[in-house]
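Summary of structural features
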Amino acid sequence: MFDQVADTTPVAVQAEVTLRTNFFAARDVLTHFLSQIIFNSTGRVVNVSSFVSACTLNKCSPVLQQRFRSDDITEDELVGLMQRFVDKAKKGEHKQDGWPEMPYGVSKLGLTTLSMILARCLSKERPHDGILLNACCPGWVRTDMAGQKAAKSPDEGAVTPAYLALLPPETTEPHGKFVSDKKVQSW
Ligand SMILES: NC(=O)c1ccc[n+]([C@@H]2O[C@H](COP(=O)([O-])OP(=O)(O)OC[C@H]3O[C@@H](n4cnc5c(N)ncnc54)[C@H](OP(=O)(O)O)[C@@H]3O)[C@@H](O)[C@H]2O)c1
């Protein structure tokens, strides 16, 4: 994890490493476990994203924002956009292409959008399954990543992810949402 303020690692490297870990590898894990969750026709999927995903979305070009907010963006299109950010960052062209210089934020923007896409697919293809899939932000939490000045204890940071993971049977929402402090956030 690169320090978002102080790290001097070139953005090209940060983009490749951060997207590989936070987006592409997270997608691999999701793909693998989702097939097993679907097999059981029940379950809760909680992707730990970040409020930074929404801030990053607002800093993208209008064209990119429209795609990330659209109801018809596909997983393939999203993967292509995430790869495009990495490729453009390697050439130093990401800003001209409409991206903010925020590799961590773009990786989480991808994870939040992926959660929305997968939830839509589940609703369409398996409307009678009880699977609920969401992305969330734990808040600013005192961990290795955020440091000791952060506002929440680790226990407090676990509240929203645990709430989403333990939504009772027969619950129908939230699903395909970005949730923070146990509340659905605008996207
Ligand atoms: N803390 C916050 O304020 C905050 C805010 C918003 C979102 N989040 C999100 O919450 C999640 C947990 O973060 P945290 O605050 O608990 O961070 P953390 O204390 O830095 O922990 C990160 C964890 O990810 C593991 N990790 C890092 N790179 C990896 C890689 N390439 N492959 C496999 N594992 C890797 C680390 O493993 P090692 O210990 O082995 O290095 C560590 O266990 C993250 O997704 C973060 O983006 C945190």
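Residues numbered from 1 in each chain as written. Predicted model: local features only at pLDDT ≥ 70, side-chain atom pairs only at ≥ 80, totals over all residues. Heavy atoms only, no water.

**Description of the pattern of salt bridges**
Counting across every chain of the model gives ten salt bridges. One salt bridge connects K152 with D181, and the closest N-O pair in it is separated by 2.9 Å. Here D181 lies in the loop between strand 3 (178-180) and strand 4 (183-184) and K152 lies in the loop between strand 2 (132-137) and helix 6 (154-157), a separation of 29 residues in the sequence. Taken together, the shared-partner salt bridges connect R67, D72 and E77 into one network. (Salt bridge = Lys/Arg side-chain N within 4 Å of Asp/Glu carboxyl O. Helix = DSSP H or I, 4+ residues; strand = E, 2+ residues; numbered from the N terminus.)

**Structural notes on the packing of helix 1 (residues 11-40) against helix 4 (residues 75-91)**
At a minimum axis separation of 8 Å, helix 1 and helix 4 run at an interaxial angle of 160°. As summarised for this structure, helix 1 and helix 4 are arranged roughly antiparallel, according to the angle between their axes. Helix-helix and strand crossings are classified by hand; for helix 1 and helix 4 the assignment is left-handed. Note on element contacts: helix 4 touches helix 1 through E75, L78, V79, M82, Q83, F85, V86, A89 and K90, opposite V11, A12, A15, E16, L19, F23, F24 and R27. Here the contact of helix 1 with helix 4 is composed, by residue class, of twelve nonpolar, one polar and four charged. (Axes fitted to C-alpha atoms, helices over the stretch in contact; angles between N-to-C directions. Parallel < 35°, antiparallel > 145°, perpendicular 65-115°, else oblique. Left-handed = near helix turned anticlockwise from the far one by under 90°. Contact = heavy atoms within 4.5 Å. Nonpolar A, V, L, I, M, F, W, Y, C, P; charged D, E, K, R; others polar.)

**Some thoughts on the side chain of N22**
Note on placement: N22 falls in helix 1. Take N22: its relative accessible area is 16%, and that puts it in the buried class. Within the local environment of N22, its side chain forms a polar contact with the side chain of S107, the two groups lying 3.1 Å apart. Excluding residues within four positions of it along the chain, N22 makes contact with Y104, S107, K108 and L111. (Buried < 20%, exposed > 50% of the residue type's maximum accessible area, 1.4 Å probe, protein only. Polar contact = N/O pair within 3.5 Å; in protein donor to acceptor, adjacent residues only side chain to side chain.)

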